[in-house]
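Commentary on secondary and tertiary structure
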Amino acid sequence: MNKNITFQDLGAKDFKETWDYQEDIFKSILDTKIKNRREDAGLETENYFLFVEHPHVYTLGKSGDVSNLLLTEEQLTQKGATFYKINRGGDITYHGPGQIVGYPILDLDNFFTDIHKYLRFLEETIILTLEEYGLKTERSPGETGVWLDVGTPFARKICALGVRASRWVTMHGFALNVNADLGYFDNIIPCGIKGKAVTSLNVELGVAKVNEAEVKEKLLKHFKVLFEAEFV
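Because the structure is a prediction, the values reported are computed rather than measured. (Residues numbered from 1 in each chain as written. Predicted model: local features only at pLDDT ≥ 70, side-chain atom pairs only at ≥ 80, totals over all residues. Heavy atoms only, no water.)

**Quick notes on the nonpolar core**
Applicable threshold: What we call a nonpolar core is a set of buried Ala, Val, Leu, Ile, Met, Phe, Trp, Tyr and Cys residues that are connected through their side-chain atoms within 4.5 Å. Buried, partly exposed and exposed residues are distinguished by accessible area as a fraction of the type maximum, computed with a 1.4 Å probe on protein chains only: under 20%, between the cut-offs, and over 50%, respectively. Numbering of helices and strands runs from the N terminus, with a helix taken as a DSSP run of H or I at least four residues long and a strand as a DSSP run of E at least two residues long. Here, two residues are considered to be in contact whenever any of their heavy atoms come within 4.5 Å of each other.
Membership of the largest hydrophobic core comes to 34 residues, with the highest contact counts inside it found for Ile158, Leu176, Leu201, Val215 and Phe227. Looking at this core, the elements with two or more residues in it are β2 (48–53), α3 (115–131), β8 (143–148), β9 (156–166), β10 (169–177) and α5 (212–227). In terms of residue count, the dominant contributor to this core is α3 (seven residues). In this view, Leu176 contacts Gly98, Gln99, Ile100, Ile126, Leu130, Ile158, Cys159, Val215 and Leu219; residues no more than four positions away in its chain are not counted. Within the second largest apolar cluster, 17 residues are counted, among which are Val52, Ile86, Tyr103 and Ala175.

**Quick look at the environment of Ala213**
The topology assignment puts Ala213 in helix α5. Given a relative accessible area of 46%, Ala213 falls into the partly exposed group. C-alpha separation for the pair Ala213 and Ile100, spaced 113 residues apart in sequence, amounts to 9.6 Å.

**Some points on the packing of aromatic side chains**
Heads up, the rule is: The criterion for an aromatic pair is that two Phe, Tyr or Trp rings (for Trp, the six-membered ring) have centres within 6.5 Å, with stacked assigned to planes under 30 degrees apart, edge-to-face to planes over 60 apart and tilted to the rest. Charges are assigned to positions over rings by a cutoff of 6 Å between ring centre and Lys NZ or Arg CZ, combined with an angular limit of 35 degrees from the ring normal.
If you walk through the whole model with that rule in mind, you get 19 aromatic pairs. Taking the centre distance of 6.1 Å and the plane angle of 75 degrees together, the rings of Phe7 and Phe231 count as edge-to-face. With Phe7 in strand β1 (residues 4–12) and Phe231 in strand β12 (residues 230–231), this residue pair connects regions lying 224 residues apart in the sequence. Judged by its relative accessible area of 23%, Phe231 is partly exposed. Centre to centre, the rings of Phe121 and Phe227 are 5.5 Å apart; their planes meet at 90 degrees, and the pair counts as edge-to-face. Note that Phe121 is positioned in helix α3 and Phe227 in helix α5, a separation of 106 residues in sequence. We note that Phe121, like Phe227, is buried. Members of the aromatic cluster, joined through ring pairs, are Phe7, Phe49, Phe51, Phe111, Phe112, Tyr118, Phe121, Phe174, Phe223, Phe227 and Phe231. A cation over an aromatic ring shows up here: Lys218 above the ring of Tyr133, its NZ or CZ 5.7 Å from the ring centre.

Next comes the structure, spelled out in structure tokens:
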């Protein structure tokens, strides 16, 4: 059981390039698991955690509705954005500058084999991080992600989640709005949920810009404790 996680901060990187990179890691871990099963090779599977910031992009999960994208191809081009249908769960979301995207590519056999628990731990990582900034965030029943003022007319999402898993190996992950341009969310029905707002950490704190490196450190700290892992 390997609880070491290789951490990589990819900086600003194209979504498709990063998706392909995730797929390569994902396949490598799966191949090791399959080899162990066939040959009883006893090989340890690796775990990864990636941070990245994408240029403006909209992604639609495999069960999503493309009508939740409110832009034509021409309008996407005008806004300097791209669009991809991808293989995670969930509906449509936006990634862009000022957003911290986290992609844990883990073999959950190294931790616990429970996807529900895995999603709750991702949410808890965000909740505990934002608590350090004085924000009370929580889960919204039936809606993944992390929210403020749940159950009120002012409910708003600050972090979206969407994952894929096969043979207990995960990919994709979370997108936390830190200094995000929220105007880009006006071009979609975020996560397919109508009538709910989206927010960003800098907006909630009433500041022009939050130190993203500091937020990343806090995210890693809480993730490490929750998963009882070590970053290498």
